[in-house]
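Coordinates in review
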Amino acid sequence: MNLRWIIALMFLLFLIEGTIMPWLIPDEWTGRIIPQFIFVFVLYASFYAGRHTALLLGIGFGLLQDVVFYGHLIGVHSFAMGLCGYVIGLMFEHKRIPMLTALSLIGMACLLYDTVIYFIYRVFRMTNESYVWALMDHIMPSLFLQLAFSLVLYVPVRRWFEGSYKKKSADDEE
Amino acid sequence: MIGLILFIAVMGFSLGNRSNLSWPEKFINDTVSYVQQWFYKPAGYMAGLFEDIRMMRQLYEENEQLRTTVARYARDRSTYNFLQSENERLKDALGFTQEQMELYNYKYLIAQVISVSPDPYNKTIKINLGSKHGVRTNMAVTTVDGLVGLVSRVSPFSSTVTPITELNGQTKGIAATVTGKESESFGIIESFNSETGQLLMTKIEENDKLAVGDEVITSGLGNVFPRGVVIGSVVSRQVGDFGLTHTAHIEPAAKMDKLTEVFVVQVPGFEELDQ
């Protein structure tokens with residue numbers, strides 16, 4: 001599986017985020033559980049494919065989301081995704097990370113991503129809520145969705161990325 | 001560092017009131033929404049199917065209710081026809097111009113929702129009508145229940161709707177009044193508090209007749225918005241920040257999630273005004 005397929009898959013995920021996910025999330029949780037599947041993929045890319053790929057994927061798909069759902073600003077998601085992908089890639093690129101570490105890293109990166117987005121909107125005065133409220137309202141609930149999603153896709157994604165960037169180390173799966 | 005500066009520049013640039021999108025944005029918008037519409041509707045149908053099965057029991061009761069409503073409607077209808085013909089006759093007698101006659105003759109365009117933004121601070125909705133179908137920015141978007149939002153960006157074949165829950169931080173407000181007290185009540189819907197889920201209506205006069213429980217509708221003053229679109233109901237009223245005017249909290253009437261069909265309201269004369 002090479003990068004082209006990964007991009008196609010991410011585009012599909014982008015479509016699902018905006019179209020199918022709103023129907024799957026129960027009424028009480030609408031607006032509180034936010035799917036960020038592309039971002040999880042960007043993180044996987046930063047683990048297994050390197051920080052530059054992650055940066056480009058993050059900026060590209062973030063920009064896509066910004067342009068398609070252009071409400072207040074363009075560039076928020078692009079910036080946040082690119083930044084998080086790059087930072088995580090800088091620290092953990094091509095290291096052999098066990099599954100639990102990878103998942104907790106994804107969790108932390110999601111927190112970072114949501115925080116960055118929150119503060120950008122806060123700086124531009126698009127939101128007046130306190131950070132604690134935002135954290136309880138949607139950041140924590142959606143974190144669980146992201147973790148569940150990344151857990152489901154951990155094994156196949158790892159195989160794809162490692163197949164496309166032939167690493168010398170033999171892969172051992174959990 | 002350069003990237004950071006660049007991004008802040010882009011954000012700052014896109015923050016302002018841009019009336020038109022550039023062509024790459026339009027192109028991406030249209031292409032993506034073309035693909036998105038293959039997903040959203042089938043997903044909605046599937047979800048609707050399960051919902052329907054669950055709702056089966058309530059159908060009987062609802063049917064009963066609807067019957068009584070229809071009976072009332074038929075009665076109102078005859079009164080309405082009579083009033084309308086009389087109104088028309090009076091307007092004729094007063095010599096209204098063609099433009100004035102058609103002022104409240106709104107056209108409703110039915111639009112399908114294509115997708116919903118997965119961003120908590122920016123819950124925009126995409127619809128499958130664009131400038132080629134006569135949609136312009138700032139047109140009101142409603143459902144059967146009430147006002148949903150405003151068209152914020154328009155591409156040739158799709159457009160983006162900003163819900164009324166996202167009005168914060170923008171200069172736009174919606175002129176509003178109360179059903180039954182149209183000439184005695186006025187205020188401006190300005191912002192939305194997502195912690196309480198209520199809209200804030202400001203600039204209400206001290207001796208205004210607005211009371212808790214009233215139904216708030218758009219007033220149509222300024223002729224950009226249609227008049228008489230339901231916004232919500234008044235939950236509470238209190239003295240405003242400066243003590244000169246009152247403010248009111250309003251519970252929005254329309255449900256913002258799981259929308260399938262919305263109406264874009266075309267106000268006559270709007271297109272000429274836009275150009």
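Residues numbered from 1 in each chain as written. Chains lettered and ligands numbered in written order. Predicted model: local features only at pLDDT ≥ 70, side-chain atom pairs only at ≥ 80, totals over all residues. Heavy atoms only, no water.

Glancing now at the pattern of salt bridges. Residues and elements named next belong to chain A. Under the counting rule described, the total for this entry stands at two salt bridges over all chains. Among the ionic pairs, R32 bridges to D137, the shortest N-O distance being 3.4 Å. Taken together, the residues R32 in the loop between α2 (21-24) and α3 (37-48) and D137 in helix α7 (residues 131-164) connect sequence positions 105 residues apart. For R32, a relative accessible area of 27% puts it in the partly exposed group. On the accessibility criterion, D137 (15% relative accessible area) is buried. (Salt bridge = Lys/Arg side-chain N within 4 Å of Asp/Glu carboxyl O. Helix = DSSP H or I, 4+ residues; strand = E, 2+ residues; numbered from the N terminus. Buried < 20%, exposed > 50% of the residue type's maximum accessible area, 1.4 Å probe, protein only.)

Moving on to the nonpolar core. By size, the foremost hydrophobic cluster in this structure holds 60 residues, and its most contacted members are A:Y44 and A:F47. Setting aside anything within four residues of it in sequence, one finds A:F47 in contact with A:I88, A:F92, A:E93, A:H94, A:I97, A:A102, A:L105 and A:I106. In terms of nonpolar packing, the next biggest core, distinct from the first, is built from 21 residues, B:L150, B:I174, B:F192 and B:M201 among them. (Core = buried A, V, L, I, M, F, W, Y, C linked by side-chain atoms within 4.5 Å. Contact = heavy atoms within 4.5 Å.)

A few words now on the side chain of B:T177. Residue and element names in this part refer to chain B. Here T177 lies in strand β6 (residues 174-178). Overall, T177 belongs to the buried group, its relative accessible area being 4%. At 2.8 Å, the side chain of T177 forms a polar contact with the backbone oxygen of S185. Residues contacting T177, with those up to four places away along its chain left out, are E182, S185, E215, V216, I217, T218 and S219. (Polar contact = N/O pair within 3.5 Å; in protein donor to acceptor, adjacent residues only side chain to side chain.)

Let us look at the sheet that holds strand β1 (residues 107-116) of chain B. Residues and elements named next belong to chain B. Read around the closed barrel, six strands run β1-β2-β5-β4-β3-β12, paired in antiparallel fashion. Direction aside, the axes of adjacent strands within the sheet are offset by 45° on average. Of the strand pairs in this sheet, β1 and strand β2 (residues 125-127) are connected by three bridges, and their pairing is antiparallel. Paired with V113 across the bridge in β2 is I127. Here helix α2 (residues 23-94) sits on the sheet in contact with β1, β2 and β4 (147-154), set at roughly 85° to β1. (Pairing = 2+ DSSP bridges. Axes fitted to C-alpha atoms, helices over the stretch in contact; angles between N-to-C directions.)

What follows is about the packing of helix α4 (residues 51-68) of chain A against α2(B). Helix-helix packing is described using two parameters, namely the angle between the two axes and the distance between the axes. For the pair α4(A) and α2(B), the least separation of the axes is 9 Å and the interaxial angle reads 90°. The angle between α4(A) and α2(B) places the two elements in the roughly perpendicular class. Here A:L64, A:V67 and A:V68 of α4(A) come into contact with α2(B), specifically with B:E25, B:I28, B:N29, B:V32 and B:Q36. (Parallel < 35°, antiparallel > 145°, perpendicular 65-115°, else oblique.)

Another aspect to go through is the packing of aromatic side chains. The geometry of an aromatic ring pair is captured by the separation of the ring centres together with the interplanar angle, meaning the angle of the planes. In this structure the tally under the stated criterion is eleven aromatic pairs over all chains. An angle of 55° between the planes, with centres 6.1 Å apart, marks the rings of A:F14 and A:F69 as tilted. Taken as a pair, A:F14 in helix α1 (residues 3-19) and A:F69 in the loop between α4 and α5 (76-92) lie far apart in primary sequence, 55 residues in all. Note on accessibility: A:F14 and A:F69 belong to one class, buried. Relative to A:F119, the ring of A:Y118 lies with its centre 5.1 Å away and its plane at 80°, an arrangement referred to as edge-to-face. The class for A:Y118 is buried, based on a relative accessible area of 1%. An aromatic cluster of three or more residues is present, and its members are A:Y44, A:F47, A:Y48 and A:Y154. Positioned over the ring face of A:Y70 is B:R153, at 3.8 Å from the centre of the ring. (Phe/Tyr/Trp six-rings, centres within 6.5 Å; stacked < 30°, edge-to-face > 60°. Lys NZ or Arg CZ within 6 Å of the ring centre and 35° of its normal.)

On to the interface of chain A and chain B. Of the residues lining the interface, 47 residues belong to chain A; the matching set on chain B comes to 46 residues. Surface buried jointly by chain A and chain B totals about 4200 Å² across both partners, of which 66% is contributed by carbon and sulfur atoms. Our count for the chain A to chain B interface comes out at zero salt bridges. If you look at where chain A meets chain B, you find four residue pairs in polar contact (both at pLDDT 80 or more). For the side of chain A that touches chain B, the secondary-structure elements that each account for two or more residues are α1, α2, α4, α5, α6 (99-123) and α7 of chain A. Among the residues forming the side of chain A that touches chain B, the class breakdown is 29 nonpolar, 14 polar and four charged. (Buried area = accessible area lost by both parts, 1.4 Å probe. Nonpolar A, V, L, I, M, F, W, Y, C, P; charged D, E, K, R; others polar.)

For the rest of this paragraph, the subject is unusual backbone geometry. Residue and element names in this part refer to chain B. Not every positive phi belongs to a glycine, and N138 is a case in point at roughly 70°. Among the secondary structure elements, N138 is positioned in the loop between β2 and β3 (140-142). For K203, which is not a glycine, the phi torsion comes out positive at approximately 60°. Relative to the elements of secondary structure, K203 occurs in strand β8 (residues 198-204). K203 gets classed as partly exposed once you look at its relative accessible area, which sits at 46%.

For the rest of this paragraph, the subject is the sheet that holds strand β9 (residues 215-218) of chain B. All names here are of chain B. If you walk around this closed barrel you meet the six strands as β6-β7-β8-β11-β10-β9, and the pairing is antiparallel. Along the sheet, successive strands turn relative to each other by an average axial angle of 45°, direction set aside. The sheet contact formed by β9 and strand β10 (residues 230-239) spans three bridges and is antiparallel. In the sheet register, V216 faces β10, and the bridge partner there is G232.

All names here are of chain B. Counting buried residues along strand β5 (residues 159-163), five of its five residues qualify, which places the element largely inside the surrounding structure. What you see with β5 is no split at all: S159, V161 and P163 on one side and T160 and T162 on the other are buried throughout. Alignment of β4 against β5, held across five bridges, turns out to be antiparallel. Looking across to β5, one finds that V154 is bridged to S159. Connecting β4 to the next strand, β5, in antiparallel fashion are four residues.

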